Amino acid sequence: MQTPGPALSAMRAERPLVHNITNFVAMNVMANVLLAVGASPAMVHAREEVADFAALSQALTVNIGTADPDWGAAMQEAAAVMAAARRPWVFDPVGVAATRFRQDLSASLLELGPTVVRGNASEILALAGLGGAARGVDAGDSVEAAETAARALAVRTRGVIAVSGPVDYVTDGTRVARVANGHPMMAQVTAMGCALNGVIAAFCVGQPPFEATVAALAAYGVAGEIAARTAQGPGSFQPAFLDALHGLAPETLDAAARIEVVA
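Remember, it's a predicted structure, so these values are computed and weren't measured experimentally.

Chemist: Tell me about the overall build of the protein, residues and numbers included.
Modeler: For the protein, the count of helices and strands is eleven helices and nine strands. For a compact globule of 263 residues, the expected C-alpha radius of gyration is about 18 Å, and the protein comes in at 17 Å, within 12% of that figure. Referenced to the eigenvectors of the C-alpha coordinate spread, the extents of the protein come out at roughly 40 × 40 × 35 Å. Every one of the 263 residues in the protein was classed for burial, and the buried ones make up 53%. The contacts of the protein with a sequence gap of at least 6 include a subset with a gap of at least 24, amounting to 69%.

And the structure:
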C-alpha cells in the first residue's frame, strides 16, 4: 500500500465536486473543511433536485443526523444515482440505534451499497445487528469491540467500513488498516466527524476506496495534530484545523502518518 501523500495530491488535482446530504449542525463546518482540503462542496437535500444534482457530482455523502422522511427519501434517491453510475458515496449512520426511523432508513441505504460506511464503534455494531452501547449519537463501545462487526459488514456491503476512534479501524472485509493520527481536541468541536465523510468521499474519486479511506483518515488526523500545537481550546482549534488542512503538504502527510496495515 502506498503512502497517503500521493492520494492527497491526486484528490487536489481533481478538485472533485462532492454532493452532501448532511445534518443541519454539520453543513457550514463540512463545506469549509472540503474547501480547505481542496475539494468542491455542495449541500443539496431537496427531494425535487437531489437525483439531478447527484448525476452532476463526482461523489456523495449521506448523514442521517437530522433526517426526516423527505430527507430520507432524498438520500435514497441520490444514493441510487451514485450506485448506478458506480461513483463513490459515503454513509454515516449517525445515532442509528437511537430510533426505529434511523434503523429503517439505514437498512434501506445499506441495500444501495455504500462505497464507504464511516461511524463510531456503537453505530457499526448496531448496523451489523450486534447491539452496541450508544449514548444517543456518542459511542459507548471501543473500536476493538466493533472490529468483527466491521469485517462482517464490509463483506455484506462489499464496501469499506471505517470505525472512528482514538485509533481508526478500516477494513474491506479482507484487508485491515489502523490509523493512529488525530488529537483529542477534535472530539471537542462539533461536526468534525461529519465533515470527515466529505474528505473520505473526495479522496475516493478516481482512487481505490480502501486506500483512499486510509489516506483521508491520516490526512485529517495529521491536520488535527498540527492544529492542536497552537490552539488554546476548541474555539481556536477549528480555524487552526482549517488552516492546517489547507496547508498540509503531501510530504508532511507521508512523514507524519501513522498507518499500520494488518492484512
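Chemist: Explain the sheet that holds strand β3 (residues 59-63) to me, and be specific about the residues and the numbers.
Modeler: Read from one edge to the other, the open sheet built from nine strands follows the order β2-β1-β3-β4-β5-β6-β7-β8-β9, with strand pairing classed as mixed. At either end of the open sheet lies a strand with only one pairing partner, and these are β2 (40-43) and β9 (259-261). Put simply, the sheet's adjacent strands are angled 20° from each other on average, direction ignored. Pairing analysis gives four bridges linking strand β1 (residues 17-21) to β2, with the strands arranged parallel. Paired with L17 across the two strands is S40, which belongs to β2. Lying over the sheet, helix α7 (residues 147-157) contacts β6 (160-164), β7 (168-171) and β8 (176-179), oriented at roughly 35° with respect to β7.

Definitions and limits used
- Residues numbered from 1 in each chain as written.
- Predicted model: local features only at pLDDT ≥ 70, side-chain atom pairs only at ≥ 80, totals over all residues.
- Heavy atoms only, no water.
- Helix = DSSP H or I, 4+ residues; strand = E, 2+ residues; numbered from the N terminus.
- Rg over C-alpha atoms; globule rule 2.2 N^0.38 Å.
- Buried < 20%, exposed > 50% of the residue type's maximum accessible area, 1.4 Å probe, protein only.
- Contact = heavy atoms within 4.5 Å.
- Pairing = 2+ DSSP bridges.
- Axes fitted to C-alpha atoms, helices over the stretch in contact; angles between N-to-C directions.

Such coordinate-based values are descriptive only and should not be taken to indicate function.
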